Every structure is written in C-alpha cells, then in structure tokens.
Amino acid sequence: VNILKGYDVKAKGNNKVGGSVVRRAADAITSLAHQNGAIKNRVRTENAIPPLVSLLDANDAKVQRAAAAALRTLAFKSEENKNQIVGCDALPKLIFMLQAEDMGIHYEAVGVIGNLVHSSAQIKKRVLDEGALQPVIGLLSSRCTESQREAALLIGQFATTVPDYKVRIVQRGAVGPLISMLSNSD
C-alpha cells in the first residue's frame, strides 16, 4: 500500500517510486486477491483502494492497466469493495479510459465497470447516469475482441436496468455492431 501511495501520478519522470515498482505492486494485489475474499477484504481494510483509483490517472499506460486490473479483481463478488471503488470517484476515470487508444486500457476499464455493475442495480444506474453508455457502445466496434466481448456483456447488463435504457441502447447504435459480432468466429 505504501508503494502505491508513493507514486505521483502527475510526475513526468522523477517519481520517487518507479512505474515498474508500482505496477508490480498492483499486479501482486491482483494475483493475491484473485478468488480470495479474505484478501480482497484485507486489501480494502489496509486502504489500498484509494491509491489504486488514483493510479487510474497515471501518465504511464502500464500503471493505469495494472491499477485497473487490480480494481477489477477487487470488485469481483465484493459489495464492500465495489462501494469503496465507486465512492473514491473511480467511475469518471474508468469512463474516460473506455475511450483510450490503448486497447489494454479500455479492456481493463470495461472489465472493472462490468464487475462493479454486476448484481448492483444502484451502481449500474450510477454508471449509466455518469455517461458510460456511449463509450461502451463505441467499444462494440473496437479492434480488440476482448473489449468487444466485455462491452457486449455490459450492454446486456444495462438493458436489464430500466426499460428506457433498452430504447437508448438501440437509438445510440448498439444493434449494428452487436449483429456484426455474431459473424465473428470467436
């Protein structure tokens, strides 16, 4: 956690904690917390979620991806972690990341959002209210098939929220890319 906190996301080089070090710390959290509720809880109680959310603003794309991957793992099947991630204002950062040129960044961002909204109508509504629908629809046409898949799953989650969202999904152009995905060999 101290390594995560020691990284200055605004620094353009002379960081007291290097990007590779903070990336490895985030990767370690991802590995340790994978399918382990006790460690997910420990990461939260050790206050690692706020610095991970802060790392989403890093100038280093690898650091952003590692932080998003850790948040994705921490959000999976953990309501407390989901609430803390959202409470740390991660949604605007994640929604912005959906539009990144770097395929790894938007893949991780859509994955975090997918885990946040799963089984949480309140978070799902907040994600939609904060403007995630159009960037997610945009990912349906991404060159990254993994991002396409995650975006399609998320569109399905959004469609179950409020009947009005089904109309918005169609009006904003999701049907064409979804139909195109059906012809994908994967």
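Throughout this document, residue positions are counted from 1 along each chain, in the order its sequence is written. Where totals are concerned, whole chains, interfaces and linings use all residues; where local detail is concerned, this predicted model gives features only for residues with pLDDT of at least 70, and gives and counts side-chain atom pairs only at 80 or more. Water and hydrogen atoms play no part in the side-chain values, which are based on all heavy atoms of the structure.

Focus: the packing of aromatic side chains
Moving on, step 1. The aromatic pairing rule takes the rings of Phe, Tyr and Trp, using the six-membered ring of Trp, and pairs them if the centres are within 6.5 Å, calling planes under 30 degrees apart stacked, those over 60 edge-to-face and the rest tilted. By the definition in use, this model includes 0 aromatic pairs.
Moving on, step 2. Taking the ring centre of tyrosine 107 as reference, the NZ or CZ of arginine 72 above it sits at 4.8 Å.
Moving on, step 3. For a lysine, the NZ atom is tested; for an arginine, the CZ atom; a charge sits over a ring if that atom is within 6 Å of the ring centre and within 35 degrees of the ring normal. Note that arginine 168 overlies the ring of tyrosine 165, its terminal NZ or CZ placed 4.5 Å from the centroid.

Remarks on helix H7 (residues 90–97)
Residues separated by three or four positions in an α-helix point in the same direction, a consequence of the helix having 3.6 residues per turn.
Moving on, step 1. All of the buried residues along H7 are Ala90, Leu91, Leu94, Ile95 and Met97. In a view along the axis of H7, the buried residues occupy a sector of 160°, so they form one face of it.
Moving on, step 2. By definition in these notes, contact holds between two residues if any of their heavy atoms fall within 4.5 Å. In this description a helix means any DSSP run of H or I spanning at least four residues, a strand means any run of E spanning at least two, and both kinds are numbered starting from the N terminus. In this fold, the buried residues of H7 make contact with helix H4 (49–55), helix H5 (61–75), helix H6 (79–87), helix H8 (103–117), helix H9 (121–129) and helix H10 (133–139). Per-residue accessibility, obtained with a 1.4 Å probe over protein chains only, is compared with the maximum for each type, and a residue is labelled buried under 20%, exposed over 50%, and partly exposed between these values. Arc definition: it is the arc formed by the directions from the helix axis to the C-beta atoms.

Quick look at unusual backbone geometry
Moving on, step 1. One non-glycine residue with positive phi stands out, namely glutamine 35, at about 55°.
Moving on, step 2. Checked against the element boundaries, glutamine 35 lands in the loop between helix H2 (19–33) and helix H3 (37–45).
Moving on, step 3. Here the phi dihedral of aspartate 89 falls at roughly 60°; this positive angle occurs in a residue that is not glycine.
Moving on, step 4. Structurally, aspartate 89 can be placed in the loop between H6 and H7.

Some points on the layout of surface pockets
Moving on, step 1. Within this model, the largest pocket holds a volume of roughly 180 Å³.
Moving on, step 2. Two kinds of site are reported from a 1 Å grid over the protein atoms alone, namely cavities, where a 1.4 Å probe fits but cannot get out, and pockets, open sets with protein on both sides within 12 Å along at least five of seven lines, and residues are called lining when an atom falls within 4 Å of a point. Every residue along the wall of the largest pocket is listed here: Thr30, Ala33, His34, Gln35, Lys40, Ala69, Arg72, Thr73, Phe76, Glu108 and Asn115.
Moving on, step 3. If you list the elements that add at least two residues to the lining of the largest pocket, you get H2, H5 and H8.
Moving on, step 4. Take the lining of the largest pocket: its biggest share by element is 3 residues, from H5.
Moving on, step 5. Each residue gets one of three labels, nonpolar for Ala, Val, Leu, Ile, Met, Phe, Trp, Tyr, Cys and Pro, charged for Asp, Glu, Lys and Arg, and polar for the others, Gly among them. A per-class count over the lining of the largest pocket returns 3 nonpolar, 5 polar and 3 charged.
Moving on, step 6. Grid points are joined across faces, edges and corners, and a volume is the space filled by probe spheres set on the points. Here the second largest pocket is characterised by a volume of approximately 150 Å³.
Moving on, step 7. Taken together, Leu98, Gln99, Ala100, Glu101, Met103, His106, Gly138, Leu139, Ser142, Arg143 and Cys144 form the lining of the second largest pocket.
Moving on, step 8. For the lining of the second largest pocket, the class distribution of residues is 5 nonpolar, 4 polar and 2 charged.

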